[in-house]
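What the coordinates show
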Amino acid sequence: MKIAVPVKDNNQIDAHFGHCAFYQIYEISSNQVVSVTKMDSPQGCGCKSNIAEVFEREGVKLMIAGGIGDGAIQKLNTHGISVVRNCTGDVTELVTRYLDGDLKDGGHTCDAHAEGHTCNH
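Now for a look at the structure at hand. Just so it is clear, the structure is predicted and the values come from calculations on it, not from any experiment.

Further remarks concern helix α3 (residues 91-99). Restricting attention to buried positions, one finds in α3 the residues V91, L94, V95 and L99. Burial along α3 is one-sided: seen end-on, the buried residues are contained in an arc of 135°. Summarising the contacts, the buried residues of α3 are in contact with β1 (2-7), β2 (22-29), β3 (32-40) and β4 (60-64). Of the residues flanking the start of α3, the one acting as N-cap is D90, its side-chain oxygen 3.1 Å from the backbone nitrogen of T92. Positioned one or two residues after α3, G101 has a phi angle of 80°, which is positive.

Shown next, in the form of structure tokens:
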């Protein structure tokens with residue numbers, strides 16, 4: 001299994017997945033991290049980019065996200081990727097918390113990302 005996390009400086013999760021500096025991809029085996037790779041973020045808003053297709057090709061099954069809109073979640077879900085929303089803090093700690101069963105979905109989406117949203121923020 002692979003987990004994608006949008007990252008900004010200092011190994012912190014980015015508050016908006018579609019505008020992150022890069023993604024860290026955690027490969028998991030037997031509930032342990034076996035490797036971490038860096039993936040550049042595509043230009044533009046995540047909901048309008050091809051990142052869901054790229055993640056699917058790479059075998060990503062989960063995204064741990066900060067802020068994310070409904071359109072992006074639907075696109076990721078269409079490509080077989082589940083999303084845990086409203087996360088904050090160090091990305092390595094977040095992945096560990098997920099593997100320990102201690103990371104729950106925050107239940108809120110970015111309201112500005114409804115159908116027809118144009119990224120201009």
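That shown, we press on.
On to the pattern of salt bridges, then. Inspection of every chain in the model, using the stated rule, returns 2 salt bridges. Taking the shortest distance from any N to any O, the salt bridge between D102 and R97 comes out at 3.7 Å. Its relative accessible area of 47% is what places D102 among the partly exposed residues. Take R97: its relative accessible area is 35%, and that puts it in the partly exposed class.

What follows is about the sheet that holds β2. Backbone-to-backbone hydrogen bonds join strands into a sheet, with any given pair of strands oriented parallel or antiparallel. With mixed pairing, the 5 strands of this open sheet are ordered in space as β3-β2-β1-β4-β5. This sheet does not close on itself; its edge strands, each paired only once, are β3 and β5 (82-84). If you compare each strand with its neighbour and ignore which way they point, the axes differ by 25° on average. Pairing analysis gives 3 bridges linking β1 to β4, with the strands arranged parallel. Along β4, the bridge assignment pairs K2 with V60.

So, how was this worked out
- Residues numbered from 1 in each chain as written.
- Predicted model: local features only at pLDDT ≥ 70, side-chain atom pairs only at ≥ 80, totals over all residues.
- Heavy atoms only, no water.
- Buried < 20%, exposed > 50% of the residue type's maximum accessible area, 1.4 Å probe, protein only.
- Helix = DSSP H or I, 4+ residues; strand = E, 2+ residues; numbered from the N terminus.
- Arc of directions from axis to C-beta.
- Contact = heavy atoms within 4.5 Å.
- Polar contact = N/O pair within 3.5 Å; in protein donor to acceptor, adjacent residues only side chain to side chain.
- Salt bridge = Lys/Arg side-chain N within 4 Å of Asp/Glu carboxyl O.
- Pairing = 2+ DSSP bridges.
- Axes fitted to C-alpha atoms, helices over the stretch in contact; angles between N-to-C directions.

Taken by themselves, the reported measurements are silent on function.
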